[in-house]
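Remarks on the overall topology
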Amino acid sequence: MKSLKKQWALVVAICLMIIPSACNRSSISTPNDVKQDTTELYFPTNTNNQELSASFPYIEKNVYELYQNSENIVVANILDYDTYTDDYIPKVFSQAKVTEVLKGNLQVGNEITISETGKHLEDGSDISIGGIPLLYPGMKVILFLDEEAPLLDPTRTGYGLVGSYLGKFIYHPDGTIYNFSLLGGDDAMTLSDVTGPLTEEEFRSLLPQESTTINTEITQPTAIS
């Protein structure tokens, strides 16, 4: 239940006052195509997001701390999403297919649910913590996750991100890897060892030697139609 406690600590800290964010993104495949098969990775670069203000009891400072505090770390393709909202907290539940396991007991081919606080809007933008883009179909990502636990929707279980958006990285179509904090505004939390895009080799050099490398091939995700 450790991850559930972390999730509720975050929920209690969230102030649902929406603030304009400086985050911009444009898509290589637009929101109108996400229900079709994608031939390129989706990478957000040109959308004005709205910001949920939040405070955190602790924020990881670097990739090593993310690794140490994660129960599971996977490379995955984002396939689809659905939403859930109680009286106060909007949630996006993204479905991800695991293509590589870097830590933990998940298996290649597993389809898992990732919980994020926020909402996708009809104009293609997001409401999210810090205005950082939420997970979206067509992305290839690296996720630092808690253990599986009940979600805000009491009928489901899934995984929360360690360090909020610091615990997710995204592949650009050119093969480089970005932390999601690099897609936000000047006030975004950042990792001390990830100040710009990384090559695959540079990212993996930040992981402890015991991390597994089952499949390093860059594969293209396919969104559910």
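Residues numbered from 1 in each chain as written. Predicted model: local features only at pLDDT ≥ 70, side-chain atom pairs only at ≥ 80, totals over all residues. Heavy atoms only, no water.

**What about the confidence of the model for the protein chain?**
Averaged over every residue, the pLDDT of the protein chain is 82; residues scoring 70 or more account for 76%. Contacts from residues 214–218, a stretch scored under 50 in pLDDT, to residues over four places away or in other chains number 13 contacts. (pLDDT = per-residue confidence, 0-100. Contact = heavy atoms within 4.5 Å.)

**Regarding the pairing of strand β4 (residues 90–103)**
Along β4, twelve of the 14 residues are buried, which leaves the element largely enclosed by surrounding structure. Two elements, strand β3 (residues 72–85) and β4, share twelve bridges in a ladder whose sense is antiparallel. From the neighbouring strand, Tyr-84 faces β4, where its bridge partner is Lys-91. Following β3, the chain reverses through four residues before pairing antiparallel with β4. Two strands pair when backbone bridges link them, and β4 and strand β5 (residues 111–120) are joined in this way by seven bridges, in the antiparallel orientation. (Buried < 20%, exposed > 50% of the residue type's maximum accessible area, 1.4 Å probe, protein only. Helix = DSSP H or I, 4+ residues; strand = E, 2+ residues; numbered from the N terminus. Pairing = 2+ DSSP bridges.)

**Remarks on the packing of aromatic side chains**
Taken as a whole and assessed by the stated rule, the structure comprises six aromatic pairs. For the cation-ring pair, Lys-140 lies above Tyr-171, with the distance from its terminal atom to the ring centre recorded as 4.3 Å. Positioned above the aromatic ring of Phe-180, the side-chain terminus of Lys-168 is 4.4 Å from the ring centre. (Phe/Tyr/Trp six-rings, centres within 6.5 Å; stacked < 30°, edge-to-face > 60°. Lys NZ or Arg CZ within 6 Å of the ring centre and 35° of its normal.)

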